[in-house]
Amino acid sequence: HSYDIVILSETWLKYKISSSSIFPTNFKVFCVDRSEHTHPPDPSNPKRYRRNGGGVLIAHREDLDASSFKFSKISVRAELLSIFLSFPSGKKLCLSVFYRVGTLTCNNFDYCKEHFDTLFNSRRFCKHILVGDFNFPDLSWPVSLPCSGVEQLFLSYLLSDLGHYQLITSSTHYKGKTLDLLFSNDTGCVSDVKIHDQHEFCFSDHYAVSFSIDFDVRRIAPIRREIKCYESADWESYVGDLSCTPRTLR
């Protein structure tokens, strides 16, 4: 498979692991690894905190004719990452990825809401795509509000307050649950949504999701380099020139 953008949740990465060890050098990588800041323990049950696991990542090819940077206006206390892609045409796209640990409750929603409120108030973009593992095993899509609990908080905020649409309606988990969701505030910029076979990309209990982003994006042409042909060299003349060269060192 060859993709321009890769978005991952539950990366299990640590700061000691370099991006070049998991991606080719022609990819630019943004990531948020698990920590007590991004995944604070539940005050009512601190044992719920898992030091390992989690983490989110967005990577894109360097030859896309776009500049990119991480949204860092606030330090969000959730496994949530947003980046901006700015194109020469002046268009801007925002990509977000979120991993919601199933045991976290309303505090986790409050942190996410603060992040997205600040993001949308910045008015740096017009199109937004959010993907991730939301861990809502009891929901089936298309879903009709109201639901209950933390699910209602997230869905009411994303669908009603932010005006997003959810574009995945089939199972993304081997147990038949739709855990991985795809939101966008502009359905016209997302097409060809596909749920892949379970182990098509990697060994996981989730199914990979692919989709196209309908943006007019150019690719930066590679720099042409002149490479001399070693086998065509006139080595006899080369050795002769060296033998006639003064060897006085200064």
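Residues numbered from 1 in each chain as written. Predicted model: local features only at pLDDT ≥ 70, side-chain atom pairs only at ≥ 80, totals over all residues. Heavy atoms only, no water.

Some words on helix α1 (residues 106-121)
Argument step 1. Helix length check: α1, at 16 residues, gives a terminal C-alpha distance of 22 Å against a target of 22 Å (1.5 Å per residue), a fit within 8%.
Argument step 2. Within the span of α1, buried status applies to N108, F109, C112, H115, F116, T118 and L119.
Argument step 3. Those residues of α1 hidden inside the fold are in contact with β5 (79-86), β6 (92-99), β7 (127-133) and α2 (149-161).
Argument step 4. Positive backbone phi, at 55°, marks R123, one or two positions downstream of α1. (Helix = DSSP H or I, 4+ residues; strand = E, 2+ residues; numbered from the N terminus. Expected span 1.5 Å × (residues − 1). Buried < 20%, exposed > 50% of the residue type's maximum accessible area, 1.4 Å probe, protein only. Contact = heavy atoms within 4.5 Å.)

Regarding unusual backbone geometry
Argument step 1. Backbone torsion omega between W141 and P142 reads 0°, so that peptide bond is classified as cis.
Argument step 2. Within the element layout of this structure, P142 appears in the loop between β7 and α2.
Argument step 3. Of note in this structure, W12 is not a glycine but carries a positive phi near 60°.
Argument step 4. Topologically, W12 is positioned in the loop between β1 (5-9) and β2 (27-32).

Regarding the packing of α1 against α2
Argument step 1. It is at 9 Å that the axes of α1 and α2 come closest, and there the two elements cross at 10°. Put simply, α1 runs roughly parallel to α2. Between α1 and α2, the contacting residues are C106, N108, F109, C112, K113, F116 and D117 on the first element and V150, L153, F154 and Y157 on the second.
Argument step 2. Class assignment for the residues of the contact of α1 with α2 results in 8 nonpolar, 1 polar and 2 charged. (Axes fitted to C-alpha atoms, helices over the stretch in contact; angles between N-to-C directions. Parallel < 35°, antiparallel > 145°, perpendicular 65-115°, else oblique. Nonpolar A, V, L, I, M, F, W, Y, C, P; charged D, E, K, R; others polar.)

Some words on the pairing of β6
Argument step 1. Of all the 8 residues making up β6, 7 are buried; the element is thus mostly covered by neighbouring parts of the structure.
Argument step 2. Bridging between β5 and β6 involves 8 bridges; their strand directions are antiparallel. Paired with L80 across the two strands is F98, which belongs to β6.
Argument step 3. Each parallel crossover has a hand, and for β6 linked through α1 to β7 it is right-handed. (Pairing = 2+ DSSP bridges. Right-handed = clockwise from strand over helix to strand, strands pointing away.)

Observations regarding the layout of surface pockets
Argument step 1. Taken as a whole, the largest pocket encloses approximately 1,600 Å³ of empty space.
Argument step 2. Along the wall of the largest pocket there are 50 residues; nearest its centre are I5, V6, I7, L8 and V209.
Argument step 3. Of all the elements in the fold, those that place two or more residues in the lining of the largest pocket are β1, β3 (56-61), β6, β7, β9 (180-184) and β11 (209-213).
Argument step 4. Looking at side-chain class alone, the lining of the largest pocket contains 30 nonpolar, 11 polar and 9 charged residues.
Argument step 5. Lining the second largest pocket are 16 residues, and of these E10, R34, R50, Y99 and V101 sit closest to its centre.
Argument step 6. Here the residues of the lining of the second largest pocket sort into 3 nonpolar, 8 polar and 5 charged. (1 Å grid on protein atoms, 1.4 Å probe; cavity = no way out; pocket = protein on both sides within 12 Å on 5 of 7 lines; lining within 4 Å. Points joined across faces, edges and corners; volume = space filled by probe spheres on them.)

Some words on the pattern of salt bridges
Argument step 1. Inspection of the entire model under this criterion finds 8 salt bridges.
Argument step 2. The residue R34 makes a salt bridge to E79 at a minimum N-O spacing of 2.9 Å. With R34 in the loop between β2 and β3 and E79 in strand β5, this pair connects stretches of sequence that are 45 residues apart. E79 shares its class with R34; the two are buried.
Argument step 3. Its salt-bridge partner being K113, residue D117 comes within 2.8 Å of it at the nearest N-O pair. Note that D117 and K113 are positioned in helix α1 at a spacing of 4 residues, about one turn of the helix.
Argument step 4. Classification of K113 by relative accessible area gives partly exposed; the value is 30%.
Argument step 5. Each of the salt bridges in this network shares a partner with another, and the network as a whole consists of D4, R61, D63 and R219. (Salt bridge = Lys/Arg side-chain N within 4 Å of Asp/Glu carboxyl O.)

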